[in-house]
Amino acid sequence: MHGILIGFCSFMLIGLFHPIVIKAEYYFSKRIYPLFIIVGIVCLVISFLIKNNFVSSLLGVTGFSSFWSVKELFEQEKRVQKGWFPKNPDRI
């Protein structure tokens, strides 16, 4: 049963990070990538320290999703340049 729940939660977390990356790039540009790295590291460290396997697994997925988001921030910038997503007019 835990495998199914971890799979479902992983799916939801990955889906949650997609709009987070879009909004982060829109408001802060790709320069916010260090925050995603820090969040990823914190999640993995906490995951290592937690005894509960289910929570530890979810923190691990969150950590690596955060790391993957760093790559996606740079990709999102390219998508904006191609006109696939709107550019923030308030940001230079």
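Remember, it's a predicted structure, so these values are computed and weren't measured experimentally.

Reading guide: rules and limits
- Residues numbered from 1 in each chain as written.
- Predicted model: local features only at pLDDT ≥ 70, side-chain atom pairs only at ≥ 80, totals over all residues.
- Heavy atoms only, no water.
- Phe/Tyr/Trp six-rings, centres within 6.5 Å; stacked < 30°, edge-to-face > 60°.
- Helix = DSSP H or I, 4+ residues; strand = E, 2+ residues; numbered from the N terminus.
- Buried < 20%, exposed > 50% of the residue type's maximum accessible area, 1.4 Å probe, protein only.
- Core = buried A, V, L, I, M, F, W, Y, C linked by side-chain atoms within 4.5 Å.
- Contact = heavy atoms within 4.5 Å.
- Axes fitted to C-alpha atoms, helices over the stretch in contact; angles between N-to-C directions.
- Parallel < 35°, antiparallel > 145°, perpendicular 65-115°, else oblique.
- Left-handed = near helix turned anticlockwise from the far one by under 90°.
- Nonpolar A, V, L, I, M, F, W, Y, C, P; charged D, E, K, R; others polar.

*Asks:* Where do I start with the packing of aromatic side chains in this structure?
*Replies:* Two aromatic rings are characterised by how far apart their centres lie and by the angle between their planes. Counted under the stated rule, the structure contains three aromatic pairs. Between Tyr26 and Tyr27, the aromatic rings sit 4.9 Å apart at their centres with planes inclined by 85 degrees, giving edge-to-face as the arrangement. Here Phe64 and Phe67 contribute two aromatic rings whose centre-to-centre distance is 5.7 Å and whose plane-to-plane angle is 80 degrees, an arrangement assigned as edge-to-face. Of this pair, Phe64 and Phe67 both sit in helix H3 (residues 53-81), three residues apart, which is roughly one turn of the helix. Relative accessible area serves as the criterion here: at 52%, Phe64 is assigned to the exposed category.

*Asks:* It is not clear to me how the nonpolar core should be interpreted in this structure. Could you clarify?
*Replies:* If you look at soluble globular proteins, the nonpolar side chains tend to sit buried side by side. Judged by nonpolar contacts, Phe17, Val21, Ala24, Ile32, Phe36, Val70 and Leu73 together constitute the single largest core of seven residues. Secondary-structure elements contributing two or more residues to this core are helix H1 (2-28) and H3. The element that contributes the greatest number of residues to this core is H1, accounting for three residues. Contacts of Ala24, omitting those with residues within four sequence positions, involve Ser29, Ile32, Phe36 and Leu73.

*Asks:* Just checking my understanding: could you explain the packing of H1 against H3 for this structure?
*Replies:* Angle between the axes and distance between the axes are the two parameters that describe a pair of packed helices. Running from N to C, H1 and H3 cross one another at 30 degrees; their axes reach a closest spacing of 8 Å. Taken together, the axes of H1 and H3 lie roughly parallel to each other. For the element pair H1 and H3, the recorded crossing hand is right-handed. Residues of the contact of H1 with H3, tallied by class, amount to 14 nonpolar, eight polar and three charged.

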